[in-house]
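Fold and geometry: a report
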Amino acid sequence: MKKNIKDYNLEELKQEFVSISEKPYRAEQVFKWIYEYNVTSFEEMTNLSKELREKLNENYTLKNFSILKKLESKDGTKKYLFDIQDDGNAIETVLMEYKYGKTLCVSSQIGCRMGCKFCASTGIPFIRGLTSGEIVEQVLAVQRDENVRISNIVFMGIGEPLDNYDNVVKAIRILNHPKGLAIGARHISVSTSGIVPKIYDLAKEQIQCTLSVSLHCPNDEKRSELMPVNKIYNIEELIKACKFYIEETGRRVSFEYALAKDNNDNLEDAKELIKLIRGMNCHVNLIPINKIENGKFIKSTNENIIKFRDYLNEHGIVATIRRELGSDIDAACGQLRRQNLYNKVN
Ligand code: SF4
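Residues numbered from 1 in each chain as written. Predicted model: local features only at pLDDT ≥ 70, side-chain atom pairs only at ≥ 80, totals over all residues.

Contact pair helix α1 (residues 10–19) / helix α2 (residues 24–35): the axes reach a minimum separation of 8 Å and the direction vectors enclose 130°. In terms of their interaxial angle, α1 and α2 are classed as oblique. Both α1 and α2 take part in a crossing whose hand is right-handed. For the pair formed by α1 and α2, the contact residues are Leu10, Leu13, Lys14, Phe17 and Val18 on the first element and Pro24, Arg26, Ala27, Val30 and Phe31 on the second. (Axes fitted to C-alpha atoms, helices over the stretch in contact; angles between N-to-C directions. Helix = DSSP H or I, 4+ residues; strand = E, 2+ residues; numbered from the N terminus. Parallel < 35°, antiparallel > 145°, perpendicular 65-115°, else oblique. Left-handed = near helix turned anticlockwise from the far one by under 90°. Contact = placed C-beta atoms within 7 Å.)

So, about helix α10 (residues 302–314). Helix length check: α10, at 13 residues, gives a terminal C-alpha distance of 18 Å against a target of 18 Å (1.5 Å per residue), a fit within 8%. The positive-phi residue at the C-terminal boundary of α10 is Gly316, with phi of around 85°. (Expected span 1.5 Å × (residues − 1).)

One finds Val139 and Leu175 to be the most contacted residues of the largest nonpolar core, which totals 91 residues. Taken domain by domain, the makeup of this core includes at least three residues from each of domain 1 (3–61) and domain 2 (66–345). (Core = buried A, V, L, I, M, F, W, Y, C linked by C-beta atoms within 7 Å. Buried ≥ 20, exposed ≤ 12 C-beta atoms within 10 Å, placed from the backbone. Domains from an automatic or database assignment.)

Looking now at the confidence of the model for the protein chain. Interpretation of the predicted coordinates at a detailed level should be avoided for regions scoring low in pLDDT. Here the protein chain averages 91 in pLDDT, and 92% of its residues register 70 or above. Across residues 341–346 the pLDDT falls below 50, and counting only partners more than four positions away or on other chains, this stretch makes one contact in the model. (pLDDT = per-residue confidence, 0-100.)

In space, the ten strands of this open sheet follow the order β3-β4-β5-β6-β9-β10-β11-β12-β13-β14, with mixed pairing throughout. Unpaired on one side and paired on the other, β3 (66–72) and β14 (319–321) mark the two borders of the sheet. The average undirected angle you get between the axes of adjacent strands in this sheet is 20°. Alignment of strand β6 (residues 101–105) against strand β9 (residues 152–155), held across three bridges, turns out to be parallel. Looking at the pairing, Cys105 lines up with Val154 of β9. (Pairing = 2+ DSSP bridges.)

In this section: the domain arrangement of the protein chain. Taken domain by domain, the protein chain consists of domain 1 (3–61) and domain 2 (66–345). Taking only C-alpha atoms, the centre of domain 1 and the centre of domain 2 are 33 Å apart. Of the residues lining the interface, nine residues belong to domain 1; the matching set on domain 2 comes to 15 residues. Take the side of domain 1 that touches domain 2: its biggest share by element is three residues, from α2. Considered class by class, the residues forming the side of domain 1 that touches domain 2 number three nonpolar, three polar and three charged. (Nonpolar A, V, L, I, M, F, W, Y, C, P; charged D, E, K, R; others polar.)

The next subject is the site of the ligand. In the region of the ligand, twelve residues are neighbours, and Cys112, Met114, Cys116, Cys119 and Ser193 sit closest. Looking at side-chain class alone, the shell around the ligand contains six nonpolar, five polar and one charged residues. (Near = placed C-beta within 6 Å.)

Another point: the pairing of β9. When a strand is regular, its side chains alternate between the sheet's two faces. Alternating residues of β9 divide into Ile153 and Phe155, all buried, and Asn152 and Val154, none buried. Judged from the three bridges that link them, β9 and strand β10 (residues 188–192) form a sheet pairing that is parallel. The residue bridging Ile153 from the neighbouring strand is Ile188, located in β10. Each parallel crossover has a hand, and for β9 linked through helix α5 (residues 165–176) to β10 it is right-handed. (Right-handed = clockwise from strand over helix to strand, strands pointing away.)

All right, on to the pairing of β3 then. As defined by bridge partners, β3 adjoins strand β4 (residues 78–83) across six bridges and the pair is classed as antiparallel. Directly across from Ile67, in β4, lies its bridge partner Phe82. Linking β3 to β4, which pair antiparallel, is a turn of five residues; within it Gly76 sits at a positive phi near 95°.

On to unusual backbone geometry, then. Both trends apply: most residues other than glycine have a negative phi, and most peptide bonds are in trans. Although it is not a glycine, Ser21 adopts a positive phi angle of roughly 60°. Mapping Ser21 onto the fold places it in the loop between α1 and α2. Judged by local crowding, Ser21 falls into the exposed class, with 7 C-beta atoms found within 10 Å. Backbone geometry at His216 places phi at a positive 65°, although glycine is not the residue there. Within the element layout of this structure, His216 appears in the loop between β11 (210–214) and α7 (220–226).

Dropping the structure here:
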């Protein structure tokens, strides 16, 4: 099977070229064609000799995704279902418009093992983690399709990024590399359901990306019911790891809190949350939960969401309500892939 050339970082590609008796600077040229010019074939790399282009064609692929489906919301959010080419699997990527730029929500795995009860990825089979090249290709494919430059990346699509740690970190380094996509690390956000040992590892990488933790509940009893990962790494351990991340990187941690009606949205929950994170360099992102097919959680009322936010703000916790984007196109992670699977079997 041909190797995906996008799975190499620049140093690895140089070594690879040496191993096929090519000069390392050729790797720099190929890197430039991929990340600066976003070409989709070796034939387009016109400053390489014909022989080298043929050699590359014989042994490597650029693994360009094709679009299986593209949905566009009234608010400008665009959701892609990509065919990842070699194994019949599909992944989702969402492009969102914010005033500070275009943000891409990328998937890190095909499926997810974490089993969060509110998530559309739960209940559909986990296949595998994406390679770093497949993660980066989501950005390239959208940039090609929309002819835009993506300025922010959030790892909040399908999958638990820290369950695919090595490939995610490698992808971040390529996205961030000045000769890669040159996206500032501070514009890259990694979300986790709370795989504690990997939070420590990520802190030590010194990448300066934002850590976004899906907290959702302020106590173990409720959180374990919603997120099975909490039975392995409880809230105390999770908060300790977040404090380490803040200390080590100097970065503020973002806590995601999806509000579900009559579940985690009352003021008692807000009080517990304040006690838990008071004094930390953090921000709380309140998310009106997306109702999913077969999901038992429903969205909190607007009134409750505002009350919850105001209560946190009044008690010194910076909290904002995330703007709902793409609700008319099922932009919550997993929903399009879920529909695609159902369509295949029905
Ligand atoms: S919310 Fe994220 S971590 Fe949890 S099941 Fe869904 S994709 Fe996985």
